[in-house]
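Report on the structure
What follows is each chain in one-letter form.
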Amino acid sequence: MTMHHSAAAGGPPAGDLAELMVYVRAAVFVGAFLIAWVTLEPYADLADTMALELAFGREGATYAAFGLLAAVAAVIAVATQPRALATLLHPLWIVLGAWLCMTVVTSADVSLSLRRLVLFGMLAALCASLFLMPRGRRDLARLLVVAVAVLAGLSLVGIALFPQYSIHQASDLSEPQLAGDWRGVFAHKNTAGAIFAMTIFMMIFAIRAGLAAGGAVLLALCALIVAMSGAKSSTMLLVAALGVSVVVSRIRNGWLVAAFCLAPLATLMVLGPGTVVSETVAGIVRTLPVDVTFTGRADVWELALEKIAERPLTGFGYSAYWALESTRFGQEDTTQWGGSAAHAHNGYIDAALNMGLPGLVLTVAVFVLWPIRNYLAARRGGADPALLMMLLQIWLFGIYLSVMESFLFVRFDPIWITFLFAVFGLHYLARRPHVAD
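Not measured: the values here are computed from a predicted model.

Description of the pattern of salt bridges
Taken as a whole, this structure holds six salt bridges when the rule is applied. In this structure, Asp139 engages Arg142 in a salt bridge whose closest nitrogen and oxygen atoms are separated by 3.8 Å. With a gap of three residues between them, Asp139 and Arg142 both fall in helix 8 (residues 137-161), about one helical turn apart.

So, in structure tokens, the structure goes:
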């Protein structure tokens, strides 16, 4: 009846529209991940200042692409999954959004913070819709395999055919000491290591969802790139997330689940940034076979913690501090990394620096504590174990990596986008455990 009416009205049959919508949803899902991961400017030439400046200047095209995808994804999600979207009207999300707006008003650079908050709003709309695009568990696995296959394929083609754009070189203008480390389509080996670690979790899910052959091949390729990237933090945290997730999946007590999830995070925070706060901790770390400066991060942490004390309530403004002229040109000692860093190399410190201590509390509540509750609720509700495990692993990896890297609230950072996909996924599964069936 519907098909007949549609055809009589001069439009395409309803069946054709439904089939078209399937392709549109798949294109939005895969397209969003590929624009996040591959970007419109892959294979950065790190030895050419002009090329880097031109790539930076063309960010507008990336923003436009994300804006278009966000609009299409939001319309589809509203039309097909309105009840799922309505669950996002939760007090925690609302309070976080309100506080972010407050930090724009009190920002040291209001226009900068406002622009970046608008971009985050657009990104949040896209990431909140992404999990709702696949038609089910197996469709989700297939789409992830496609996206990861393109990412891994482009990275390996670059490494094989034009290594000067895919492997760090001694001629790089910045960090020539990284020569030999694989970076694939990314501009830095740390980003490559983190993203390919996250795709390993995705391919484990694909294998468990029935795509054994393709998933296994891609898992092996992703693991190879992680190993060759030389990204020590990502390699270590990949193993940690895998281990913790396996243990947590076998624990029934909710408090013990939380303890196992958060123990590595607390340990990393104490043995990392804790070294610039406590000489006792620093002394303990010096006895360990690690770089006590954490590749120069200690200088940045020390500077950032000093600045947090200057504006503890509101911070310097949403995503503003490291872009301020007083930060970029006003440091007394620019020979130290802390005088020229682009971020604090710790997402939690950056949250406090930019959004004040209340912003840090909200960040921890929304992105660290609340997902644990969502995981437990989804598990009790009978959500698919393989899907739940993937989201748990990506989330664990993200909160641990945030101790060494800053990607929380960083515009279109590929790690941030992948992390948000997992956070929103856990949110939906907690309220509708079979939403992805």
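Digging into the confidence of the model for the protein
Looking at the protein, pLDDT values average 88 and 89% of them are 70 or higher. By mean pLDDT, helix 1 (residues 2-8) is the weakest element of the protein at 41, and helix 17 (residues 385-401) is the strongest at 97. Predicted confidence is poor over residues 1-9, with pLDDT under 50, and the contacts of this stretch with residues over four places away or in other chains come to eight contacts. The model gives residues 333-337 a pLDDT under 50, and that stretch makes eight contacts with residues more than four places away or in other chains.

A word on the environment of Phe66
Secondary-structure assignment places Phe66 in helix 4 (residues 59-80). When its relative accessible area of 1% is taken as the criterion, Phe66 is described as buried. Through-space distance from the C-alpha of Phe66 to that of Leu126 is 7.8 Å; in sequence the pair is 60 residues apart. With residues up to four places along the chain from it excluded, the contact list for Phe66 reads Ala32, Ile35, Ala36, Met122, Leu126, Phe412 and Ile417.

Here's the deal with unusual backbone geometry
Positive phi, normally seen in glycine, also occurs at Tyr43, with a value near 55°. Among the structural elements, Tyr43 can be located in the loop between helix 2 (14-37) and helix 3 (49-57). With a phi angle near 55°, His345 is a residue other than glycine that sits in the positive phi range. Relative to the helices and strands, His345 is located in the loop between helix 15 (325-329) and helix 16 (347-380).

Focus on empty space enclosed by the protein
Under the defined criterion, the tally for this structure stands at two cavities of 30 Å³ or more. Approximately 40 Å³ is the volume attributed to the largest cavity. Lining the largest cavity we find Asn190, Ala194, Ala231, Ser233, Ser234, Leu401 and Glu405. Where the lining of the largest cavity is concerned, the elements lending two or more residues are helix 9 (189-208) and helix 11 (232-248). Of the residues contributing to the lining of the largest cavity, the split by class is three nonpolar, three polar and one charged. Considered as a void within the structure, the second largest cavity measures approximately 30 Å³ in volume. Those elements that provide at least two residues to the lining of the second largest cavity are helix 9 and helix 17. Residue classes in the lining of the second largest cavity are distributed as six nonpolar, one polar and one charged.

Points about helix 14 (residues 297-310)
Within an α-helix, residues lying three or four positions from one another point in the same direction, as the helix has 3.6 residues per turn. The terminal C-alpha atoms of helix 14 lie 20 Å apart, and with 14 residues this matches the ideal 20 Å at 1.5 Å per residue to within 8%. Residues Arg297, Ala298, Val300, Trp301, Leu303, Ala304 and Ile308 constitute the buried set of helix 14.

Structural notes on the packing of helix 12 (residues 254-271) against helix 16
The contact between helix 12 and helix 16 brings their axes to 10 Å, and the two run at 150°. Put simply, helix 12 runs roughly antiparallel to helix 16. Read as a crossing pair, helix 12 and helix 16 show a hand that is right-handed. Packed against helix 12, whose contacting residues are Gly254, Val257, Ala258, Cys261, Leu262, Leu265 and Met269, the element helix 16 presents Tyr348, Val368, Leu369, Ile372, Tyr375, Leu376 and Arg379 at the interface. Looking at the contact of helix 12 with helix 16 residue by residue, the class counts come to 12 nonpolar, one polar and one charged.

Parameters and conventions
- Residues numbered from 1 in each chain as written.
- Predicted model: local features only at pLDDT ≥ 70, side-chain atom pairs only at ≥ 80, totals over all residues.
- Heavy atoms only, no water.
- Salt bridge = Lys/Arg side-chain N within 4 Å of Asp/Glu carboxyl O.
- Helix = DSSP H or I, 4+ residues; strand = E, 2+ residues; numbered from the N terminus.
- pLDDT = per-residue confidence, 0-100.
- Contact = heavy atoms within 4.5 Å.
- Buried < 20%, exposed > 50% of the residue type's maximum accessible area, 1.4 Å probe, protein only.
- 1 Å grid on protein atoms, 1.4 Å probe; cavity = no way out; pocket = protein on both sides within 12 Å on 5 of 7 lines; lining within 4 Å.
- Points joined across faces, edges and corners; volume = space filled by probe spheres on them.
- Nonpolar A, V, L, I, M, F, W, Y, C, P; charged D, E, K, R; others polar.
- Expected span 1.5 Å × (residues − 1).
- Axes fitted to C-alpha atoms, helices over the stretch in contact; angles between N-to-C directions.
- Parallel < 35°, antiparallel > 145°, perpendicular 65-115°, else oblique.
- Left-handed = near helix turned anticlockwise from the far one by under 90°.

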